[in-house]
Amino acid sequence: MADGAGIQQGSPAIGAAGLVPAGPGAGGTEGSGTAGGSARIAVKKAQLRSSPRPKKLEKLAVYSSCKAEGACKCNGWKSQNPPPTPPRTDQQSSAVNLQEPCRSCSHTLGDHVTHLENISEEEMNRLLGIVLDVEYLYTCVHKEEDADTKQVYFSLFKLLRKSILQMGKPMLEAQESPPFERPSIEQGVNNFVQYKFSHLPSKERQTITELSKMFLNQINYWQLETPSQRRQRVSSDDAAGYKANYTRWLCYCNVPQFCDSLPRYQTTQIFGRTLLRSVFTVMRKQLLEQARQEKDKLPPEKRTLILTHFPKFLSMLEEEVYSHNSPIWSQDFLAGVSGGQIPVHTVISAPPVVIPLYYSPSPVSVDPSMCGSVSPARKAASVLEPSPVGEKRKPTEPLHHEENKRPRVLGDIPMDLINEVMATIADPAAIPEQTSLLSAHSARDEAARLEERRGVIEFHVIGNSLNQKPNKRILMWLVGLQNVFSHQLPRMPKEYITRLVFDPKHKTLSLIKDGRVIGGICFRMFPSQGFTEIVFCAVTSNEQVKGYGTHLMNHLKEYHIKHEILNFLTYADEYAIGYFKKQGFSKDIKVPKAKYVGYIKDYEGATLMGCELNPSIPYTEFSVIIKKQKEIIKKLIERKQAQIRKVYPGLSCFKEGVRQIPIESIPGIRETGWKPVGKGKELKDPDQLYSTLKTILQHVKMHQNAWPFMEPVKKTEAPGYYQSIRFPMDLKTMSERLKSRYYTTRKLFMADMQRIFTNCREYNPPESEYYKCANLLEKFFYTKIKEAGLIEK
């Protein structure tokens, strides 16, 4: 086969360069090897197709069957079954002509092409393209070391060889034809964007769309690891299923990239969730690692998109990929409750070109809200009812262009500065993977959120039904919930718990771990009244103090936001009040009494508490957003401190007789972030000011929460107080200053009072009684200041 081969044996073989799928450590995100092989073959095909017709016939002769008289059975001297050893590279192709005898049957090569003399130029060029593909695959068969891949190459080699003999089109024979799974990866990502981000303004959705295109493109050119490599890395996996998908991927996606005689399909269009699950974890890790290593090479306009938004996007998508109840993989995702189709246009389609990770096919304008307050979008995918047609959150109406333009607030930080700071704090490799690595300052629900992401725990909204066929698994979970509530709420009658848990009007957000129920929140929704009553809330004792309770409540909040119910009511006993306070509940009920009286049952010895939900808050990601905002503020403060560490010359105007200057005229004062105090009524009459301030101070001293601040702090009662508090202040000192007419302006009086509250919060922990007194007294003080007209209301 060496003689007359169209590919020089000394030329670089594809082998490990790109045709052989790269292993986990090799990456393969840009498909450079495959692209290079495809380009080389394309050049050879173009050269061969521009040759004279006799040269084309000579090329085809060695692959065509003999048509000489006597029923010769020769199929050309290019054997359909290649020899077991590769051809030697020092053997050069010898020129052939149609008058030479065939090496197999001794008839002239002209007898092998008599049936080709009258075919069209287009058909001859097509056959020549198959010939070069055959020769390329022949080289690959001998270069390949992996047995599974070699077998696929050999099968495709024989298929193309047969197509030349029969002058037909290569048709892959398989039990299934593409697509192999519905919905496809592309459709699943479309559904993900529609499900998670449809409520965002168009500018932010454009950013998400660009991230989706980038992700789909990476999959289309991703090099799968071989089944043997995967077995070494993942032992407990569906080896047979992966091998089947790997073979399909080679035949329909990978090999057709350089052998264009075979029909080519996009990976994202013919494969679905199964293949995506098998590659997502490794692919995500490598993409983020590549982004981290190449962050200095990224264009400035892409840096925030790649380093900040892309990791968030992948984390949110990962939850939907591995969740057992994600609606984006449902065949009826776009079906409404009535069964009609919602007309949703295709949001994404992968670009058909090989692009590097940081490339975006169209300019992207990164919206500042993606940096914390809005993104990641609301996440409620794993909290689903077990209904035949899942309820989806209704996409919000598109905003008008004028509404998208948010007015700039005085004091806003420039967006380019925000993006620059975000790029410095975003480290894709710093995503925690083990709950044991969480710091003491981590959010209360951080561990639970990580366990949910890895599939350790699941959340499901379930309930009993009298209309549908009983679901055995759901009934078992309901029994488990009844047991958890009975054990954790011993003062509640078991019969009462059982009746409500199995009542079709009640639902329960259940927390599942290792297939068993470990906690839940039982509730009843009153949509017409605009509130939901929480009846039971408990987590089994051996699973407490892990953040499950907080994460349960966050999922319940997002579930109700999806159903447009924004108020919770519950009767909490003395042991539960602390938990509900941490979850945003208070005794200040926002729901009008007429709305709930007669709808919920009163409980003796319990406290009615309520919680109002904000539909703009993604509760399950809220702590992550707050943490990111704190990091941003910290970086901004550090940058500001670095900028203001500048020594300005002293003021010389006072030597020249100037008695007073505006504060803002002092050099460097504005650079520190100083802003004029809000306008208010400044009393010019000293006696009137004294009288007003005296009245306010008397009211403050009479307040029930003023007792910690009546006199200066004693050193014996608060060790180290005067080492940490540089400017102490108290109400007794303020009274003395007021008598001495020290407060010539309202600003001096307000500054001393504010110092009392600030010092208290700086020295005492937030859970202390002193801290709470400071907050309440501060609120009262500013109420009195506003009533006196000293500041604007």
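A brief report on the enclosed structure follows. (Residues numbered from 1 in each chain as written. Predicted model: local features only at pLDDT ≥ 70, side-chain atom pairs only at ≥ 80, totals over all residues. Heavy atoms only, no water.)

### A short note on the state of the cysteines
Then, number 1: Considering all chains together, one arrives at 0 disulfides under this definition.
Then, number 2: In this structure Cys72 is not part of a disulfide, and its nearest cysteine sulfur, from Cys66, lies 3.9 Å away.
Then, number 3: In this structure Cys102 is a free cysteine whose sulfur lies 3.7 Å from that of Cys74, the closest cysteine sulfur available.
Then, number 4: On the accessibility criterion, Cys102 (4% relative accessible area) is buried. (Disulfide = S-S within 2.5 Å. Buried < 20%, exposed > 50% of the residue type's maximum accessible area, 1.4 Å probe, protein only.)

### A short note on the environment of Arg303
Then, number 1: Structurally, Arg303 is set in helix α11 (residues 300-322).
Then, number 2: The exposure class of Arg303 is partly exposed, given its relative accessible area of 28%.
Then, number 3: C-alpha separation for the pair Arg303 and Ala291, spaced 12 residues apart in sequence, amounts to 9.2 Å. (Helix = DSSP H or I, 4+ residues; strand = E, 2+ residues; numbered from the N terminus.)

### Concerning the packing of helix α21 (residues 686-702) against helix α24 (residues 746-763)
Then, number 1: In contact at an axis separation of 11 Å, α21 and α24 are set at 15° when each is read in the N-to-C sense. Looking at the two axes, α21 sits roughly parallel to α24. Seen from above, α21 lies across α24 with right-handed handedness. For the pair formed by α21 and α24, the contact residues are Leu689, Leu693, Ile696, Leu697 and Val700 on the first element and Arg746, Phe749 and Met753 on the second.
Then, number 2: In terms of residue class, the contact of α21 with α24 is built from 7 nonpolar, no polar and 1 charged. (Axes fitted to C-alpha atoms, helices over the stretch in contact; angles between N-to-C directions. Parallel < 35°, antiparallel > 145°, perpendicular 65-115°, else oblique. Left-handed = near helix turned anticlockwise from the far one by under 90°. Contact = heavy atoms within 4.5 Å. Nonpolar A, V, L, I, M, F, W, Y, C, P; charged D, E, K, R; others polar.)

### Notes on the nonpolar core
Then, number 1: Grouped together as the largest cluster of nonpolar side chains are 86 residues, with contacts concentrated most on Leu137, Phe215 and Phe313.
Then, number 2: With 12 residues, helix α3 (residues 121-143) is the largest single contributor of residues to this core.
Then, number 3: Looking at which domains feed residues into this core, each of domain 1 (34-80 + 96-164) and domain 2 (183-320) gives three or more.
Then, number 4: Non-local contacts of Phe313, meaning those with residues more than four positions away in its chain, are made with Phe192, Ile208, Leu211, Ser212 and Phe215.
Then, number 5: Within the second largest apolar cluster, 30 residues are counted, among which are Ile457, Ile534, Tyr559 and Tyr619. (Core = buried A, V, L, I, M, F, W, Y, C linked by side-chain atoms within 4.5 Å. Domains from an automatic or database assignment.)

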